[in-house]
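# A look at the structure
Listed here are the chains, written in short residue letters.
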Amino acid sequence: MTDIMADPTIPILDIKGVSKSFTVQGRTVEALKGADLTVNRGEFICLLGASGCGKSTLLRIVAGFESATSGEPLMWGKPISGPDPSRGMVFQDYGLFPWLTVRDNISFGPKSRGRPAAEIRDTVSRYVDIVGLQRFADAYPHQLSGGMKQRVAIARVLANEAEVVLMDEPFGALDAMTRERLQDELLDLWSRTGLTVLFVTHAIEEAVFLADRVVVMSPSPGRIDAIHTIDLARRRDVSSPAFNDVRRMLSGQLHSHHARAAA
């Protein structure tokens, strides 16, 4: 670990005035405008907002998949200029290689980076255990449930030595019970590993349940409207008065965005 990574005063991510514009049929569309956000090592941050508010665009800029039109995203104080294994992305549609087994999907990153065979074996075994897929290590994605596929996707990112996990509505396609179970499992994994998580969602309850801080985004163009620290003890009770007070506050804020957009 370099000195800059060891310094607790330096944020792992520092998003400075980031904007993104696209040209669609000759017309400029401003997807994101002037986003400022600092993320400290080990934080769990949720980007919350309706479709079209720029949260996925911001995530893809941090991942290095897209470049900002203006402003600058930094990791450990250095500009993000493209994809890097230190920032792993987990998608809603899993993004697994269908021709590879669970074990081979997880080992893909370390193999591509030329890690020794013994190290790869140990790494894969560790993360198969962590996500609870020991019995399915030699199964193919089409043989897995949606929840299992998402566990493989998370394990694959971790095995590639990610310091930041970027999650774009990863549980959005799952049924309610599977979603709740994976939320619990993700929080357990986060607490055990010290990962930094930037998680996109449009579900208010999910954001309040998971996050240290919720970043509320408004549309047209996408902006960071507010940042709320969720000062609730973990594990959070979704039926508690305190939890629902926070949920109502965030709901009111999002509904005001819709009202402004309609006006």
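Treat the numbers as computed from the prediction; the structure is a model and nothing was measured. (Residues numbered from 1 in each chain as written. Predicted model: local features only at pLDDT ≥ 70, side-chain atom pairs only at ≥ 80, totals over all residues. Heavy atoms only, no water.)

## Overview of the sheet that holds strand S2 (residues 27-39)
The criterion, for reference: Two strands are said to pair when DSSP picks up at least two bridges between them. The numbering of helices and of strands both runs from the N terminus, where a helix is a DSSP run of H or I of at least 4 residues and a strand a run of E of at least 2. When checking whether two residues touch, look at their non-hydrogen atoms; a contact exists if any pair is within 4.5 Å. Comment: axis = line fitted to C-alpha atoms, over the contacting stretch for helices; angle = value between 0 and 180 degrees taken between N-to-C directions.
As summarised here, the arrangement of the four strands in space is S2-S1-S4-S5, forming an open sheet in which the pairing is antiparallel. Single-partner strands in this sheet number two, and they are S2 and strand S5 (78-79). Note that strand S1 (residues 13-24) and strand S4 (residues 70-75) share five bridges and pair antiparallel. Bridging across to S4, aspartate 14 finds its partner in leucine 74. Packing against the sheet, helix H2 (residues 55-63) makes contact with S1, S2 and S4, and its axis sits at approximately 115° to S1.

## As for the layout of surface pockets
We count it as follows: The distinction between a cavity and a pocket rests on a 1 Å grid over the protein atoms alone: a 1.4 Å probe fits inside a cavity but cannot get out, while a pocket stays open yet meets protein on both sides within 12 Å along at least five of seven lines, and a residue with an atom within 4 Å of a point counts as lining. Grid points are joined across faces, edges and corners, and a volume is the space filled by probe spheres set on the points. Polar here means any residue other than Ala, Val, Leu, Ile, Met, Phe, Trp, Tyr, Cys and Pro, which are nonpolar, and Asp, Glu, Lys and Arg, which are charged; Gly is therefore polar.
Of the pockets and cavities examined, the largest pocket occupies roughly 360 Å³. Forming the walls of the largest pocket are 14 residues, and the residues nearest its centre are Gly88, Met89, Arg156, Val157 and Asn160. Residue assignment for the lining of the largest pocket shows that the elements contributing at least two residues are strand S6 (87-91), helix H3 (102-112) and helix H5 (146-159). Tallying contributions element by element places S6 first for the lining of the largest pocket, with four residues. When grouped by side-chain class, the residues that make up the lining of the largest pocket number eight nonpolar, three polar and three charged.

## Comments concerning the sheet that holds strand S3 (residues 44-48)
An order of S6-S7-S8-S3-S9-S10 is seen for the six strands of this open sheet, with the pairing classed as mixed. Here the strands that pair on one side only, and so sit at the sheet edges, are S6 and strand S10 (223-229). Between one strand and the next, the sheet's axes are offset by a mean angle of 20°, whatever the strand orientation.

## So, empty space enclosed by the protein
All chains considered together, the criterion is met by two cavities of 30 Å³ or more. Each pocket or cavity is described by its volume, and for the second largest cavity that value is around 30 Å³. Those elements giving two or more residues to the lining of the second largest cavity turn out to be strand S7 (164-168) and helix H6 (176-193).

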